[in-house]
Amino acid sequence: MLGASISSITFLALPAAAYILDWRQLVPNLTMPAVAILAAIFIIPFFRQTKATSAFEYLEKRYGMPIRIYAAFSFLIMLLLRLALVLYLVAIPMAELLGCHIFTVIIVVGVITSFYTIVGGLKAVVWTDVIQTIILLGGGILIFVLIALALPGGFGQIISEGMADNKFSLGPMTWGLSDRSFFVMFLMGLVNFGTEYSSNQGLVQRYVASKTTKEARRATLICAFMSIPTWCAFYFVGTSLYVYYKIFPDTAVAALESDAVLPYFILHRIPTGLSGVIIAACLAAAMSTLSSVINSCSTVCTVDFLQRFWKRSDASALKWAKFFSLAASVIMILGACAIDYVEKESINDMSLIIGSVFGGGMLALYMSGFFTKRIGRRAITIGLLTGILFNVYMMCNSFHWLPDCLTLPIHSYWTTILVNLLIIIASLIVSLFDKNKKPLPGLTFWTKQQSDND
């Protein structure tokens with residue numbers, strides 16, 4: 001689970017975010033333990049008692065087939081976008097190291113990762129994740145140690161210079177809709193991780209694959225509390241890079257995109273041999289995430305679409321699952337190539353925008369399902385349609401596709417917060433006039449005991 005939660009986004013994009021700005025983009029990650037505790041108490045037992053293979057089977061039982069299909073499709077879009085981001089990031093240092101075009105690296109790494117994922121399935125994904133995560137953590141520690149040893153003032157100089165330039169800031173303490181303040185980052189973290197723990201197919205697969213509920217809960221909590229120091233460490237690497245190039249200016253660095261600064265440091269300031277170990281760590285980080293996400297795409301396509309509408313034998317379904325993995329891999333490679341042409345502050349900022357704009361109101365669907373009895377199929381459908389319309393507006397607003405008279409000064413980070421809130425509010429209002437009358441044994445927190453007794 002830890003291996004799936006950290007990737008080349010962790011290894012390269014988090015340092016880039018700290019290097020170019022400050023630590024405010026860490027704030028969403030700080031909400032992870034609180035959400036993980038709630039997931040261990042409420043969400044994991046739900047999925048284990050239903051013995052679901054897909055995270056979206058629950059939604060069909062609770063609200064019907066159309067809601068399940070919408071959620072599965074939205075999740076697939078998010079997964080494919082994440083695949084492209086992660087692959088693009090790892091290609092940056094590999095292209096510099098090998099002296100070849102970035103598209104060549106994207107294709108080679110994409111093909112290799114998809115091959116062992118398709119052949120090995122979930123078991124291959126889990127065990128390669130374990131090994132790759134160890135390599136990634138070791139590479140991050142090595143970079144920090146080398147920077148600290150190179151600076152005249154060592155570790156203390158990183159702290160003092162970073163404090164002087166406000167590089168450890170968690171953002172302004174304001175409630176403005178147009179800025180990336182501490183509070184918007186915190187709320188976005190709650191929504192994003194709430195969505196992750198309730199609807200991410202990669203996590204649900206691990207809930208169900210655990211031998212017992214206790215084991216699934218323990219793994220989830222260990223992952224959450226190990227992830228925080230891991231993310232903090234890589235933000236600290238970014239601040240260390242900032243201090244290093246402040247003390248030892250380099251004209252070449254000034255011309256680089258923020259995501260290319262760490263790869264540049266690795267290849268030009270770290271001795272040959274050690275730089276190879278760190279690049280291997282970066283590659284390991286990407287491959288661990290890519291394999292997990294490709295496997296999740298395949299599962300959702302097979303279970304939520306193929307088997308739902310065109311029931312196949314296990315042997316036939318396995319062949320289709322491999323085909324879906326291959327299709328996801330092709331889309332991943334093409335998407336990573338396309339990202340090279342997109343103007344961006346940093347990949348981490350881009351990933352936060354994508355997660356917010358394309359989130360699809362998933363958290364609202366699951367939370368209203370788990371914790372309310374009155375919201376039924378019609379209420380959630382009307383609420384979801386309201387949220388989708390607002391989401392489309394916010395997407396156009398974020399990408400500046402609207403005329404000035406229709407544009408609102410709302411930062412794109414607010415999109416996922418407002419969409420989920422609007423879906424819940426609209427669904428509750430509709431439920432006042434159209435209350436759910438369908439029995440819900442085992443499908444809500446309030447009816448779980450009834451199911452257990454049955």
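I will try to describe carefully the structure that is included in this document.

Thresholds, definitions, all that
- Residues numbered from 1 in each chain as written.
- Predicted model: local features only at pLDDT ≥ 70, side-chain atom pairs only at ≥ 80, totals over all residues.
- Heavy atoms only, no water.
- Helix = DSSP H or I, 4+ residues; strand = E, 2+ residues; numbered from the N terminus.
- Rg over C-alpha atoms; globule rule 2.2 N^0.38 Å.
- Buried < 20%, exposed > 50% of the residue type's maximum accessible area, 1.4 Å probe, protein only.
- Contact = heavy atoms within 4.5 Å.
- Areas by Shrake-Rupley, 256 points an atom, 1.4 Å probe, with all protein chains shown as cover.
- 1 Å grid on protein atoms, 1.4 Å probe; cavity = no way out; pocket = protein on both sides within 12 Å on 5 of 7 lines; lining within 4 Å.
- Points joined across faces, edges and corners; volume = space filled by probe spheres on them.
- Nonpolar A, V, L, I, M, F, W, Y, C, P; charged D, E, K, R; others polar.
- Phe/Tyr/Trp six-rings, centres within 6.5 Å; stacked < 30°, edge-to-face > 60°.
- Core = buried A, V, L, I, M, F, W, Y, C linked by side-chain atoms within 4.5 Å.
- Salt bridge = Lys/Arg side-chain N within 4 Å of Asp/Glu carboxyl O.
- Axes fitted to C-alpha atoms, helices over the stretch in contact; angles between N-to-C directions.
- Left-handed = near helix turned anticlockwise from the far one by under 90°.

## Here's the deal with the overall build of the protein
In terms of helices and strands, the protein carries 20 helices and zero strands. Over its C-alpha trace the protein gives a radius of gyration of 22 Å, about what one expects of a compact globule, namely 22 Å for 454 residues. If you line up the protein on its principal axes, its C-alpha atoms span 70 × 55 × 45 Å. Burial statistics for the protein: of 454 residues in total, 57% are counted as buried. When contacts within the protein are restricted to residue pairs at least 6 apart in sequence, those whose partners lie at least 24 apart make up 83%. Surface summary for the protein: the accessible area is close to 19200 Å², and the carbon and sulfur share equals 70%.

## Side note on the layout of surface pockets
In this structure, the second largest pocket occupies an estimated 440 Å³ of space. Around the second largest pocket, the lining comprises 18 residues; the ones closest to its centre are V342, M350, I353, I354 and F399. Those elements that provide at least two residues to the lining of the second largest pocket are α6 (65-98), α15 (314-339) and α16 (347-357). In terms of residue class, the lining of the second largest pocket is built from 11 nonpolar, three polar and four charged.

## Quick notes on the environment of V392
Turning to its location among the elements, V392 is positioned in helix α18 (residues 377-398). A C-alpha to C-alpha distance of 30 Å links V392 and T444, two positions 52 residues apart in sequence.

## So, the packing of aromatic side chains
Using the criterion set out here, one finds 33 aromatic pairs in the structure. A centroid spacing of 6.0 Å and a plane angle of 40° characterise the contact between F193 and W231, whose relative ring orientation is tilted. Of the two residues, F193 sits in helix α9 (residues 182-199) while W231 sits in helix α11 (residues 213-247), which places them 38 residues apart along the sequence. Across the pair, exposure class does not vary: F193 and W231 are buried alike. Relative to F445, the ring of F371 has its centre 6.2 Å away and its plane inclined at 45°; by these criteria the two rings are tilted.

## A look at the nonpolar core
By size, the foremost hydrophobic cluster in this structure holds 115 residues, and its most contacted members are F11, I143 and Y197. It is α6 that provides the largest number of residues to this core, a total of 19 residues. The next biggest cluster of nonpolar side chains, apart from the first, holds 15 residues, and it includes F182, M188, L352 and L363.

## Brief notes about the pattern of salt bridges
A complete count under the given rule lists eight salt bridges for this structure. One salt bridge connects E60 with R68, and the closest N-O pair in it is separated by 2.6 Å. The pair E60 / R68 is uniform in exposure class, with both members buried. The residue D434 makes a salt bridge to R378 at a minimum N-O spacing of 3.5 Å. A residue pair is termed long-range when its members are at least 10 positions apart, and D434 in the loop between α19 (415-433) and α20 (448-453) and R378 in helix α18 qualify at 56 residues. Its relative accessible area of 24% is what places D434 among the partly exposed residues. Among the residues examined, R378 registers a relative accessible area of 58% and is labelled exposed.

## Things to note about the packing of helix α17 (residues 362-371) against α19
Between α17 and α19, whose axes approach to 8 Å, the crossing angle comes to 35°. Between α17 and α19 the crossing geometry is right-handed. Counted together, M362, L363 and A364 of α17 and N420, I423 and I424 of α19 form the full contact between these two elements. For the contact of α17 with α19, the residue count by class is five nonpolar, one polar and no charged.

## Section: the side chain of S427
As for its position among the elements, S427 is in helix α19. A relative accessible area of 0% places S427 in the buried class. When sequence neighbours within four positions are dropped, the list of residues in contact with S427 reads I375, A379, I380 and G383.

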